[in-house]
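Next come the chains, spelled out residue by residue.
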Amino acid sequence: MAFAVARTRDEAHLYLDLHPCECGAVETTWENGLVAVDGGLASRYWGACDDCGRRREYLFGLPERPVMPSGYPTFGGEEPSQLLDAGEWLWVADLSAGNVPVDDADEARRTLAVATAAVEEVVKFIPPGADEVPDEAFWSQRGREMRAAEPGRFQLDRLLIVRDSYRDLAARHA
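A. Representation of the pattern of salt bridges in the model. Applying the stated rule across the entire model yields 12 salt bridges. In this structure, Asp94 and Arg153 form a salt bridge, with 2.6 Å as the shortest nitrogen-oxygen distance. Taken as a pair, Asp94 in helix H2 (residues 86–97) and Arg153 in the loop between helix H4 (141–149) and helix H5 (156–172) lie far apart in primary sequence, 59 residues in all. Between Asp164 and Arg163 there is a salt bridge, with its nearest N and O atoms 2.9 Å apart. With relative accessibility at 31%, the residue Asp164 sits in the partly exposed group. Each of Arg7, Glu11, Glu121 and Lys124 takes part in salt bridges that share partners, so that together they form one network.

B. Structural context of the packing of aromatic side chains. Using the criterion set out here, one finds 8 aromatic pairs in the structure. Both rings, one in Tyr15 and one in Tyr58, keep their centres 5.8 Å apart while their planes meet at 85 degrees; by these two values the pair is edge-to-face. Residue Tyr15 is located in helix H1 (residues 9–18), and its partner Tyr58 is located in strand S3 (residues 55–60); the two are separated by 43 residues in the primary sequence. The exposure class of Tyr15 is buried, given its relative accessible area of 16%. Ring centres of Phe138 and Phe154 lie 4.9 Å apart, and the angle between their planes is 90 degrees; this geometry places the pair in the edge-to-face category. Here Phe154 lies in the loop between H4 and H5 and Phe138 lies in the loop between helix H3 (105–123) and H4, a separation of 16 residues in the sequence. Residue Phe138 is classed as buried on the basis of its relative accessible area, which comes to 9%. Here Phe154 falls in the buried class, since its relative accessible area comes to 1%. Taken together, Tyr15, Trp30, Tyr45, Tyr58 and Phe60 form an aromatic cluster joined through their ring pairs. In this structure, Arg110 packs its charged tip against the face of Tyr72, placed 3.9 Å from the ring centre. Its end group placed over the ring of Trp91, Arg142 keeps NZ or CZ at 3.8 Å from the ring centre.

Thresholds applied
- Starting afresh in each chain, residues are numbered from 1 along the sequence in its written order.
- Local features in a predicted model are, by the rule used here, given only for residues with pLDDT of at least 70; side-chain atom pairs are given and counted only at 80 or more, and totals for whole chains, interfaces and linings are based on all residues.
- Derived side-chain values reflect all non-hydrogen atoms in the structure, with water molecules and hydrogen atoms excluded from consideration.
- The term salt bridge refers to a side-chain nitrogen of Lys or Arg lying within 4 Å of a carboxyl oxygen of Asp or Glu.
- For the purposes of this entry, the term helix denotes a DSSP run of H or I that reaches at least four residues, the term strand denotes a run of E that reaches at least two, and both are numbered from the N terminus.
- Between buried and exposed lies partly exposed: a residue is buried under 20% and exposed over 50% of the maximum accessible area for its type, with that area taken using a 1.4 Å probe on protein chains only.
- Working definition: a ring pair exists when centres of Phe, Tyr or Trp rings (six-membered ring for Trp) sit within 6.5 Å. Plane angles under 30 degrees give stacked, over 60 give edge-to-face, the rest tilted.
- Criterion for a charge above a ring: Lys NZ or Arg CZ within 6 Å of the ring centre, and within 35 degrees of the ring normal.

So, in C-alpha cells, the structure goes:
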C-alpha cells in the first residue's frame, strides 16, 4: 500500500496541523516512528487529541532521498508536495503572512519564513517552461477553492513577486 510522502518533519507536522481531530481540535502531542507496512517502510505519527482524548494516527511514505533541513522551515526538496496541493500551500502562505506579530521581531521572521517557504512550495508545482500552476496540482477542496477564487495568483511571475516580498519583509525584522 502506497502512502503520500512526507518529505520532511516540518511538512508532516504542517499536514497534521491542517487536519484536526474529529472534535475539531488541532492540539495533539505526536509521537513518530518507522513501521513496516506491506513489506515496506512508512513513517507513523500517532497520539491522542489533547481535547477529547481520541486516538489519532497517520501513515506517510518516505522520500526516495532524505531532505536535509536547511533552515526553518524545511518543507521538502525540489519535487512538489504529495501531502498539500498548490492551493493549500498558498492558503498557508496567506494565513502566515496575515498573522505576523508586530511586537516580536524573532517571531515575525519565523512567521514570514513560513509564508516564504509556502509560496516556494507552490512554485514547485509549475513544470519547467510553464508560467502557471497546472490544474492537476489542485486536489483538495481548500486548494480548488483558492484557485477558483483568484486563479491569477497561481501565475509564476505573481508567485515570485509575493515570495520576494515576504523575504524582504523578513529581512526588515533582522
